[in-house]
Amino acid sequence: MTSDSTVPVAPARNPSPGAAGGVVVKEDDCVIFRRTLERAGRRWSGAILYAGVAGARRFVEYRRYVHGISDRLLTQRLRELERQGFIEREVVPTMPVQILYTPTEVGAELVAALQPLGEWGRKHYDLIEKAPE
């Protein structure tokens, strides 16, 4: 961890009644949670990982799954996800050369962890669409 690792670790405590559904949260949990959301929640990254788990392998397939993303941004995000270890890039020596992008085991685990969030979003879609940004 970087400078955020200096956050003091408080003993586990029970939040006030009704807060977070009675979940016990430590201060360092918030740091980990924030970093995880920043990584997974970077614009388009989650959707790209979902597309890979859904079967996208080639660039054009990712573009078809992830509506609205530009080619430039898709290229940038695929490279970032590869650097971060969420996607593997494979060059297939065919004519023409094919480049395949596949979620790693860690990337697939992240998508599985995000699945409940997607279900929550589906359930509360109207609220999400009406909320100001």
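The rules we used
- Residues numbered from 1 in each chain as written.
- Predicted model: local features only at pLDDT ≥ 70, side-chain atom pairs only at ≥ 80, totals over all residues.
- Heavy atoms only, no water.
- Helix = DSSP H or I, 4+ residues; strand = E, 2+ residues; numbered from the N terminus.
- Buried < 20%, exposed > 50% of the residue type's maximum accessible area, 1.4 Å probe, protein only.
- Contact = heavy atoms within 4.5 Å.
- Areas by Shrake-Rupley, 256 points an atom, 1.4 Å probe, with all protein chains shown as cover.
- Axes fitted to C-alpha atoms, helices over the stretch in contact; angles between N-to-C directions.
- Parallel < 35°, antiparallel > 145°, perpendicular 65-115°, else oblique.
- Nonpolar A, V, L, I, M, F, W, Y, C, P; charged D, E, K, R; others polar.
- Expected span 1.5 Å × (residues − 1).
- Bend = angle between axes of the 7 residues up to and from the residue.
- Salt bridge = Lys/Arg side-chain N within 4 Å of Asp/Glu carboxyl O.
- Core = buried A, V, L, I, M, F, W, Y, C linked by side-chain atoms within 4.5 Å.

Of regular secondary structure, the protein chain possesses six helices and two strands. Listing each helix as α and each strand as β along the protein chain from the N terminus yields α-α-α-α-β-β-α-α. A burial count over the protein chain gives 24% of its 133 residues as buried. A separation of at least 24 residues holds for 44% of the contacts in the protein chain among residues at least 6 apart in sequence. Put simply, the protein chain shows about 9500 Å² of open surface, and 57% of that area lies on carbon and sulfur atoms.

A few words on the packing of helix α2 (residues 45-54) against helix α5 (residues 105-123). Two elements in contact, α2 and α5, have axes separated by 10 Å at closest approach and are oriented at 110 degrees. In terms of orientation, α2 and α5 fall into the roughly perpendicular class. Across from Leu49, Tyr50 and Val53 in α2, the residues of α5 making contact are Gly107, Ala108, Leu110, Val111, Leu114, Gln115 and Gly118. Looking at side-chain class alone, the contact of α2 with α5 contains seven nonpolar, three polar and no charged residues.

Moving on to α5. End to end, α5 covers 28 Å across 19 residues, agreeing with the expected 27 Å (1.5 Å per residue, within 8%). Where α5 bends most, the angle comes to about 35 degrees, and this point is Leu114, followed within four residues by the proline Pro116. Turning to α5, its buried residues are Gly107, Leu110, Val111, Leu114 and Gly121. At its buried positions, α5 is contacted by α1 (27-40), α2 and α6 (125-130).

Mapped onto the fold, Ser45 is located in helix α2. Aside from chain neighbours lying at most four places away, what touches Ser45 is Arg39, Ala40, Arg77 and Leu81.

Let us now look at the pattern of salt bridges. Throughout the structure, instances matching the rule amount to four salt bridges. The salt bridge involving Glu38 is made with Arg34; its shortest N-O contact spans 3.1 Å. Of this pair, Glu38 and Arg34 both sit in helix α1, four residues apart, roughly one helical turn. A salt bridge links Glu80 to Arg77, with the shortest nitrogen-to-oxygen separation between them at 3.3 Å. Pair noted here: Glu80 and Arg77 are both in helix α4 (residues 71-83), with a separation of three residues, about one helical turn. A residue is classified by how much of its surface remains accessible, and Arg77, at 6% relative accessible area, is buried. Salt bridges here are not isolated pairs; linked through shared partners, they connect Arg42, Arg77 and Glu80.

With that settled, the discussion passes to the nonpolar core. Ranked by size, the top nonpolar core spans 19 residues in total, and within it Ile48, Leu49, Tyr62, Ile69, Leu78 and Ile87 carry the most contacts. When contributions to this core are tallied by element, the ones reaching two or more residues are α2, α4 and α5. Per element, the largest residue contribution to this core is four residues, and it comes from α4. Leu78 has contacts with Ile48, Phe59, Tyr62, Ile87 and Tyr101, leaving out every residue within four places of it along the chain.

In this structure, Pro96 follows Met95 across a cis peptide bond, with omega equal to -5 degrees. Mapped onto the elements, Pro96 comes out in the loop between β1 (87-92) and β2 (98-103). Phi at Trp44 is positive, roughly 80 degrees, even though this residue is not glycine. Secondary-structure assignment places Trp44 in the loop between α1 and α2. Residue class for Trp44 comes out buried when judged on its relative accessible area of 19%.

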